[in-house]
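Structural characterization, general
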Amino acid sequence: MTRRIWVLTTFLLHRLFFSLTGVIFVIIALVYWAVLFPPQQGTPDLENYFLIVGAFGAGMTFLVALSIASRANEAANYPLVVRLPSRVEFLTAVLLSTIVGAGLLQLLVAALALFRGPTELWPRIMEIPPVWLATNILAAVLAMHASDFVTAGWSRVYVFGLLAFLLLGQSSSTTLAPWLAMRLNNLSANFVQQGWYDIANFINKAVSWLNIGGGEKLADAMGFLFWPFRAINEAVLAGSFDANQALAPAVMLLYATILFMLAADLFANKDLDFIE
Amino acid sequence: MIEIRNITKRFYTLTALDNVSVSIPRGEVLGLLGPNGAGKTTLMKIVAGVLQPDGGQVFPNGQGWPLVGYKPERLLFPNQLRVRQYLEMVAGLSNIPRQRITQAVQTSLEQVNLQYAANKRISACSKGMRQRLGLAQVLIGDPALLLLDEPSNGLDPEGQSDILEVIQSLHAAGKTLVISSHHLHEITQVCTQLVILNHGQVHYRNSMAEALAVRPHVLLRTDKDLTAVQDMLSALHPDIRVEGTKLLLKNEAMAMRRPVLAILLNMGYDILHVEQKRITLAEIYAKAVQ
C-alpha cells in the first residue's frame, strides 16, 4: 500500500510541477517573498515571520490541493484507480502530494525570507514545518472537499455551508441571537395556529433562553471550534506556546482527520466521473 | 468468475442499465454488443469499480476479487510522460517487485508491438500507438480479468489483426476478458460468450458457438416468381417459405431440399443460386436491437 501511495504521490507531484500551474505557483512564492520580505529589509521580526510564512503555507496548500485534485480527477487516471485495492489510496496520495508540494513552496519562502539577513533565525526555521503542518493538512483536506474530485452530490455545500454558519455564528452573536429568536418566535406562532402546543412551548423556551444571554453562549460554543486558530495565533505573537496552546495543532489535526474520514467515505462510494 | 446480478444504474432521469444480470465465466471472452448508449461502457465501469450501481450486485464467484486491467474507450493518458515511464508507474501500482518492473514493461510492450516507441512521449504518440499503449497497460501485472472497451478502435487493419491475436493469446493463456466493440467480425473472431445490450437491458445472451449454430437454413433462388407454387411447397413442410424468387428451407425442412429441387426443376424453374447458410452475428444483432 505504501509503495502504491508513493508511486501515485510522485506521479501527481510530477504532473503539478511539470505544468504551467506548477511554474505559476513557484512564481507566486517568489513574488510573495519579494513583496513581504524584501531582501534589503534583512531578517524580519520573528512573530511576523512565523505568521506570514504560515499564512502563505495554508493558502498555498489550499491552491495546490485544488490543482492536484483537479489533475487526479482526469479520465486518464481510470486505469490507475482500478488497480488499487482501495480508492482511499488515491485520495491519500492526493493529500500527501499536496502536503509535500505546498510544503516545498513554503520552505522556499521561509528560506528566502532569511536571504541576506542575520542568521539568528536559521535554527528557528526548522520549527516552522511542525508548527504549521497541522494548519496545512487542515487546509488541504478542506480544499479536497471543495474539489470535484471528492465532492459527491451536495456534500460541498453542506461542508462549507456549515463552516460559514459557524463562522457567522461565532463572530456576530449580537445580531445572530435576536434574528434567531425572531425566526423561532414566528415558527412558534405557526405551531400554535396548527394546535401543536407542545412543540410551540419548546420553541418558546428556546426563544427565552436566547433572550437571556443564550445567544452569547451559542456564539461561544461555535467559537470554541475555532479556538485552535486563535491559540496558535496568540502563541506565535507571544513568542511561545503554553500548555493549552500546545494542544492547538493536535486539535487541528483532529479536525483534519474527521474531515479526511468524511472525504474518504464520499470518495469511496461515489461514481468516479472523471473529466475527459 | 464475476456475477453481475440485477444491476440498475441511473444518471439523473436516464436509466443506463435496467436490471441487468450477466455472468462472466472464468477463462471466457465475453463480447458486449449494442448500439451507442446501450449501456456497455456503464456496465464495464461498474465491473471495474469506477461506477457504483444504484441497485443489484457485482460479486466474485469463487475466490476474491481478481486483479483487474481496464482499458477505457477514450485513449487518455498523462501526455507529458514517456511510454515506458507510464507503464513503469502502472507496474508500481500492480505489486510487481521492483527488480521485475523493467522486464514486465518490456514484455507488455512486445506483446502489443510497441517496443519501438518505449521512449517516446505519450503526447507524440499516434492514435494507433495510444490504442496499443492502452492494451499494454492492461497487460501489466498479469491481471486475471481484462476489461477492454473498444480495443481496436482507430487501428488500421494490420493493427486490428495484431490486437485480435493478442486477445486470442490471452484467452489461450486462460485469462478472462470482457470486450465491448462495434466491430462484429472482431467479436465473432475472439469471443466465446455474447451479450447484446439495448436501452440498458440484456436483449440477447448466449455462448458464441450456440448463437451461431442455431437456425441453419438453405436458400434457393430461381429465375421466376415462386408464388404460384407456394401452397404446394408449404404443404411439403411448414418451414418452407417463399419470398418472391427466393425459397427458404429452415430447420427440419432442410432435409426436403432434394424433393423441392426436383419439383422446381420439373415445373420449369431454373435454379440460379443454392446456399446453405448459418445465422450471422449481424443477423442476431439486428434482431436483438430491433
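About the criteria used
Residues numbered from 1 in each chain as written. Chains lettered and ligands numbered in written order. Predicted model: local features only at pLDDT ≥ 70, side-chain atom pairs only at ≥ 80, totals over all residues. Heavy atoms only, no water. Helix = DSSP H or I, 4+ residues; strand = E, 2+ residues; numbered from the N terminus. Contact = heavy atoms within 4.5 Å. Expected span 1.5 Å × (residues − 1). Buried < 20%, exposed > 50% of the residue type's maximum accessible area, 1.4 Å probe, protein only. Arc of directions from axis to C-beta. Salt bridge = Lys/Arg side-chain N within 4 Å of Asp/Glu carboxyl O. Phe/Tyr/Trp six-rings, centres within 6.5 Å; stacked < 30°, edge-to-face > 60°. Lys NZ or Arg CZ within 6 Å of the ring centre and 35° of its normal. Pairing = 2+ DSSP bridges. Axes fitted to C-alpha atoms, helices over the stretch in contact; angles between N-to-C directions. 1 Å grid on protein atoms, 1.4 Å probe; cavity = no way out; pocket = protein on both sides within 12 Å on 5 of 7 lines; lining within 4 Å. Points joined across faces, edges and corners; volume = space filled by probe spheres on them. Nonpolar A, V, L, I, M, F, W, Y, C, P; charged D, E, K, R; others polar. Buried area = accessible area lost by both parts, 1.4 Å probe. Polar contact = N/O pair within 3.5 Å; in protein donor to acceptor, adjacent residues only side chain to side chain. Domains from an automatic or database assignment.

Residues and elements named next belong to chain B. Residue placement: Ala 136 occurs in helix 4 (residues 127–139). Note: C-alpha distance between Ala 136 and Gln 160 (24 residues apart in sequence) is 14 Å. Excluding residues that lie within four positions of it along the chain, Ala 136 makes contacts with Leu 87, Ser 108 and Val 112.

The next subject is helix 2 (residues 20–36) of chain A. Residue and element names in this part refer to chain A. Its 17 residues give helix 2 an end-to-end C-alpha distance of 24 Å, which sits within 8% of 24 Å, the value for a rise of 1.5 Å per residue. By the burial criterion, the buried members of helix 2 are Gly 22, Phe 25, Ala 29 and Trp 33. Around the axis of helix 2, the buried residues are gathered within 75° of arc, so they sit on the same side. The exposed set on the far side of helix 2, more than 90 degrees from its buried face, consists of Leu 20 and Val 35. Residues of helix 2 that are buried sit in contact with helix 1 (2–17), helix 3 (46–72) and helix 5 (88–112).

Residues and elements named next belong to chain B. Evaluated as defined, the whole model comprises 10 salt bridges over all chains. We note a salt bridge from Asp 54 to Lys 9, for which the minimum N-O separation is 4.0 Å. Here Lys 9 lies in strand 1 (residues 2–11) and Asp 54 lies in the loop between helix 1 (40–48) and strand 4 (55–60), a separation of 45 residues in the sequence. A relative accessible area of 44% means that Asp 54 is categorised as partly exposed. A salt bridge links Asp 162 to Arg 132; the shortest N-O distance between them is 3.6 Å. Taken together, the residues Asp 162 in helix 5 (residues 157–172) and Arg 132 in helix 4 connect sequence positions 30 residues apart.

It is worth spelling out unusual backbone geometry at this point. All names here are of chain B. Located in the positive-phi region is Tyr 12, a residue other than glycine, with phi close to 55°. The class of Tyr 12 is exposed, set by a relative accessible area of 84%. Look at Asn 95: it is not a glycine, yet its phi comes out positive at around 60°. Note on placement: Asn 95 falls in the loop between helix 2 (83–92) and helix 3 (98–111). Using a relative accessible area of 54% as the deciding quantity, one classes Asn 95 as exposed.

Counted under the stated rule, the structure contains eight aromatic pairs over all chains. Geometrically, the ring pair formed by Phe 90 of chain A and Phe 149 of chain A is edge-to-face, given 5.5 Å between the ring centres and 85° between the ring planes. Taken together, the residues Phe 90 of chain A in helix 5 and Phe 149 of chain A in the loop between helix 7 (128–146) and helix 8 (155–171) connect sequence positions 59 residues apart. The residues Phe 90 of chain A and Phe 149 of chain A share a single accessibility class, namely buried. Relative accessible area serves as the criterion here: at 1%, Phe 149 of chain A is assigned to the buried category. The ring centre of Tyr 269 of chain B lies 5.1 Å from the NZ or CZ of Lys 224 of chain B, which sits over that ring.

For the rest of this paragraph, the subject is the sheet that holds strand 3 (residues 29–33) of chain B. Residues and elements named next belong to chain B. A sheet is described by the order of its strands in space; here six strands give the open sequence 5-6-7-3-8-9, paired in mixed fashion. Every interior strand has two partners, whereas the edge strands, strand 5 (68–71) and strand 9 (201–207), have only one. Averaged over all neighbouring strand pairs, the angle between strand axes comes to 15°, with direction disregarded. As judged from the five bridges shared by strand 6 (residues 145–149) and strand 7 (residues 176–180), these two strands associate in the parallel manner. Across the sheet, residue Leu 146 finds its bridge partner in strand 7, namely Leu 177. On the sheet, helix 4 packs against strand 5 and strand 6 and is oriented at approximately 170° with respect to strand 5. Docked against the sheet, helix 10 (residues 281–288) engages strand 3, strand 8 (193–198) and strand 9, running at close to 35° with respect to strand 8.

In this structure, the largest pocket spans a volume of roughly 900 Å³. Within the residue set of the lining of the largest pocket, elements represented by two or more residues are helix 12 (248–269) of chain A together with strand 1, strand 2 (14–24) and helix 1 of chain B. For the lining of the largest pocket, the leading source of residues is helix 1 of chain B, giving four residues. As a volume, the second largest pocket reaches approximately 610 Å³. Lining the second largest pocket are 25 residues, and of these Leu 84 and Pro 85 of chain A together with Ala 48, Gly 49 and Trp 65 of chain B lie nearest its centre. Residue contributions to the lining of the second largest pocket peak at three residues, all from helix 1 of chain B. Here the residues of the lining of the second largest pocket are counted per class, giving 17 nonpolar, five polar and three charged.

Contact residues are listed per partner, giving 37 residues for chain B and 22 residues for chain A. Area buried by chain B at its contact with chain A is led by Val 50, Gln 80 and Leu 93 of chain B, which between them contribute 26% of it. Applying the counting criterion to the chain B and chain A interface returns two salt bridges. Residue Lys 9 of chain B is joined to Asp 271 of chain A by a salt bridge in which the shortest nitrogen-to-oxygen separation is 2.4 Å. In this assembly, chain B and chain A are joined by 13 residue pairs in polar contact (both at pLDDT 80 or more). Elements with a contribution of two residues or more to the side of chain B that touches chain A: strand 1, helix 1, strand 5, helix 2, helix 3 and helix 4 of chain B. Tallying contributions element by element places helix 2 of chain B first for the side of chain B that touches chain A, with five residues. The residue makeup of the side of chain B that touches chain A, split by class, is 24 nonpolar, nine polar and four charged.

Here we take up the domain arrangement of chain A. One can read the domain layout of chain A as domain 1 (2–150 + 240–269) and domain 2 (165–224). Relative placement of domain 1 of chain A and domain 2 of chain A: their C-alpha centres are 39 Å apart.

Right, let's get into the domain arrangement of chain B. All names here are of chain B. Segmenting chain B into domains produces domain 1 (2–212) and domain 2 (215–288). On the side of domain 2, eight residues touch domain 1, which itself brings 13 residues to the contact. Between domain 1 and domain 2, roughly 860 Å² of surface is buried when both sides are summed, and carbon and sulfur atoms account for 74% of that area. When the buried surface of domain 1 facing domain 2 is broken down by residue, Leu 184, Ile 196 and Leu 212 rank first, second and third, together holding 53% of it. Between the two partners, domain 1 and domain 2, sit zero salt bridges. There are zero residue pairs in polar contact (both at pLDDT 80 or more) connecting domain 1 and domain 2. Counting residues per element, the ones that place at least two in the side of domain 1 that touches domain 2 are helix 6 (184–190), strand 8, strand 9 and helix 7 (208–213). Tallied by class, residues from the side of domain 1 that touches domain 2 come to nine nonpolar, four polar and no charged.

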